[in-house]
Amino acid sequence: MTDLPARYPGQTQLGLVIDLDLCVGCHACATACKEWNTGGHMAPLPDFNAYGDGAWGVWFNRVHSFEEGEGDGARTVHFPKSCLHCEDAACVTVCPTGASYKRAEDGIVLVNESLCIGCKLCSWACPYGAREFDADEGVMKKCTLCIDRIYNDNLAPEERQPACVFVCPTKARFFGDLGDPNSAVSELVAARGGKDLMPELGYRPTNKYLPPRRARPYVDDLAPQPLTALMAEAQSRADVANPLLRWVDRLLSR
Amino acid sequence: MHPALSIVFFTTASGAGFALLFLLGLAAPLGLLPQSGWFGFAALATAFILAAVGLVSSVFHLGRPERAWRAFSQWRSSWLSREGVMSVLTFVPAAVFGIGWVFFGVTWGVVGLCGFLAAICAAVTIACTGMIYASLKPIRQWHNRWVVPNYFALGLMAGFLLLDFIVRFWIAWPAWTPLLALISVLFAWWSKEAYWRFIDTNSAPSTVASATALGSRGPVRMLEPPHTQDNYLLQEMGFRIARKHKVRLRLIARVAAFILPALLSLVALLTAGGIGLVAAAFAVMSAALGLVIERWLFFAEAKHTVTLYYGAVAV
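Residues numbered from 1 in each chain as written. Chains lettered and ligands numbered in written order. Predicted model: local features only at pLDDT ≥ 70, side-chain atom pairs only at ≥ 80, totals over all residues.

### Quick notes on the interface of chain A and chain B
By a frequent convention, interface size equals the accessible area lost on bringing the separate parts together. Across the contact, 52 residues belong to chain A and 49 residues belong to chain B. Elements that contribute at least two residues to the side of chain A that touches chain B include exactly β4 (62–68), β5 (75–81), α2 (90–93), α3 (121–125) and β8 (132–134) of chain A. Sort the elements by how many residues they give to the side of chain A that touches chain B and β4 of chain A lands first, with seven residues. Looking at the side of chain A that touches chain B, its residues break down into 27 nonpolar, 14 polar and 11 charged. By the bridge criterion, four bridges tie β4 of chain A to strand β1 (residues 220–224) of chain B in an arrangement that is antiparallel. Each bridged residue has a counterpart across the sheet, and for Phe-66 of chain A the counterpart in β1 of chain B is Met-222 of chain B. (Contact = placed C-beta atoms within 7 Å. Helix = DSSP H or I, 4+ residues; strand = E, 2+ residues; numbered from the N terminus. Nonpolar A, V, L, I, M, F, W, Y, C, P; charged D, E, K, R; others polar. Pairing = 2+ DSSP bridges.)

### Considerations on the domain arrangement of chain A
One can read the domain layout of chain A as domain 1 (14–210) and domain 2 (227–253). Computed from C-alpha coordinates alone, the two centres of domain 1 of chain A and domain 2 of chain A are separated by 53 Å. (Domains from an automatic or database assignment.)

### Some thoughts on the confidence of the model for chain B
With 99% of its residues at a pLDDT of at least 70, chain B reaches an overall mean of 94. Note on the complex model: pTM 0.89, ipTM 0.93. (pLDDT = per-residue confidence, 0-100.)

### Some thoughts on the environment of Ile-171 of chain B
On the secondary structure map, Ile-171 of chain B appears in the loop between α5 (147–167) and α6 (176–201). Sequence-wise, Ile-171 of chain B and Pro-34 of chain B are 137 residues apart; in three dimensions their C-alpha atoms are separated by 7.9 Å.

### Details of the environment of Ala-163 of chain A
All names here are of chain A. Topologically, Ala-163 is positioned in helix α5 (residues 163–167). Expressed as a C-alpha distance, the spacing of Ala-163 and Glu-35, which sit 128 residues apart in the sequence, is 8.8 Å. Every residue in contact with Ala-163, bar those within four places of it in the chain, is listed here: Ala-32, Cys-33, Trp-36, Cys-146 and Arg-149.

### Focus on the environment of Thr-271 of chain B
Residue and element names in this part refer to chain B. Along the chain, Thr-271 turns up in the loop between α10 (246–270) and α11 (273–300). Each C-alpha atom, one on Thr-271 and one on Ile-132, is 41 Å from the other, the two residues being 139 residues apart in sequence. Once residues lying within four places of it in the same chain are set aside, the contact partners of Thr-271 are Gly-276 and Ala-279.

### Some remarks on unusual backbone geometry
Residue and element names in this part refer to chain A. In this structure, the amide linkage connecting Ala-43 to the following residue, Pro-44, adopts the cis form with an omega of -10°. Notably, His-85 is not glycine yet its phi reads approximately 45°, a positive angle. Its place among the elements puts His-85 in the loop between β5 and α2. Here the phi dihedral of Leu-145 falls at roughly 55°; this positive angle occurs in a residue that is not glycine. Mapping Leu-145 onto the fold places it in the loop between β9 (139–141) and α4 (147–150).

Now the structure itself:
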């Protein structure tokens with residue numbers, strides 16, 4: 001049924017929080033996602049011309065890179081993007097067949113591949129480009145929030161999280177219940193001022209992005225600072241009162 | 001947006017077909033058209049064939065055409081489903097209307113009532129087609145108040161041009177069909193120009209900054225795309241070819257869809273017999289070409305917000 005599930009307070013809304021300060025753009029999340037999901041719930045994720053020019057295929061997670069600001073104040077921001085599992089998911093309501101649906105119990109947006117007619121309207125209705133068409137099977141595919149990992153009793157408890165979160169080497173991705181204001185992810189979003197993407201469209205995405213923290217202003221004439229720090233350290237060593245420790249310190253400093 | 005030929009053909013053909021059915025369902029029961037069963041057959045067959053061929057063509061756009069019947073189930077939330085349901089539903093009163101008119105030469109009573117019902121259903125179907133596009137928030141060129149009136153106006157124009165052409169086989173110099181054809185062409189032209197002016201001037205609600213939640217440090221711009229080759233999103237939503245030729249294509253659409261049909265309708269209005277018939281025929285052909293180009297542009301000029309993640313600044 002493509003009506004959105006009825007809402008109630010405290011409803012579970014599983015989703016991701018992505019820290020744009022920590023992401024280094026290594027694409028590990030994208031490749032781990034591809035690796036898991038090409039054998040997972042929405043399998044396969046086909047590739048076409050995989051080894052030649054014009055290679056393309058279905059991915060659920062893609063890492064974009066942006067620049068923000070000008071000159072010295074500018075910074076590079078790596079920006080991973082996957083399905084945001086919106087509360088007002090138009091990809092669900094536009095579906096003519098009931099293939100696209102949002103789970104009432106945890107808010108995950110899924111596609112029932114056996115009902116999908118491949119009309120692609122859901123991918124038009126998604127402002128974020130979260131859905132990609134499988135031209136082999138003629139059906140739409142999308143991020144499942146690794147529904148086959150997070151509830152999977154065959155995995156060790158610490159592995160029961162989306163592949164992209166589990167693999168992230170800088171721990172820039174967090175998974176949890178964003179419907180619960182007291183969950184760790186919700187507190188993180190509150191503390192860091194987590195943001196929605198394209199809030200003006202009113203899709204109310206579940207996934208939140210933590211904007212990069214403000215950098216300390218870079219001032220050129222502080223350049224000799226490291227030397228000053230070394231001298232201060234030497235000074236502190238000279239201040240050691242115990243003669244034995246002073247001898248050990250001198251010995252080790254050689 | 002990528003203009004899939006199957007969808008361009010579907011929206012233009014079934015738009016014209018349902019609009020012609022709308023006109024026949026309204027005008028025949030009121031006795032404004034030739035009563036002849038053969039006229040009913042020719043006009044209704046044209047309407048049915050255009051509507052049905054358009055619908056069949058839309059099925060070819062599907063990844064799984066054999067499951068198309070499933071699209072009738074979600075009419076409570078989906079405009080595409082509503083469009084499917086209404087298009088099929090329209091054929092029920094239209095069939096009664098058609099059988100009554102063609103085989104029994106009757107256009108009043110229950111048959112006339114079914115004509116009115118078919119007209120209402122056909123109009124609702126056209127509105128549903130427009131709403132499929134107008135309901136999509138990520139595409140500013142579609143999500144606006146001009147799209148549904150445009151679909152109506154362009155459909156009506158095609159319907160009137162077809163009606164005037166068919167009527168001329170029965171009435172050498174029809175009085176009101178060429179006049180209404182001319183008026184409908186001018187109205188459609190005005191509504192399309194208003195639509196073009198609107199999409200050229202209204203501001204884009206989404207920017208690369210709002211799409212990335214960045215911008216506190218200054219302007220945001222793409223540094224690197226996530227992949228070096230095309231993907232589905234860029235093929236389907238990142239179509240760029242037509243925008244380069246926007247001005248020229250709009251000019252062609254303007255001439256073929258509106259200016260020529262208007263002039264030819266004027267000729268048809270003032271002439272009887274063979275000349276009028278030829279003018280009406282050319283008006284239909286020119287409008288058909290113009291509408292296909294117009295519909296192609298409707299897709300090609302539409303920019304999806306996903307392009308913000310691939311270098312677009314504001315959409």
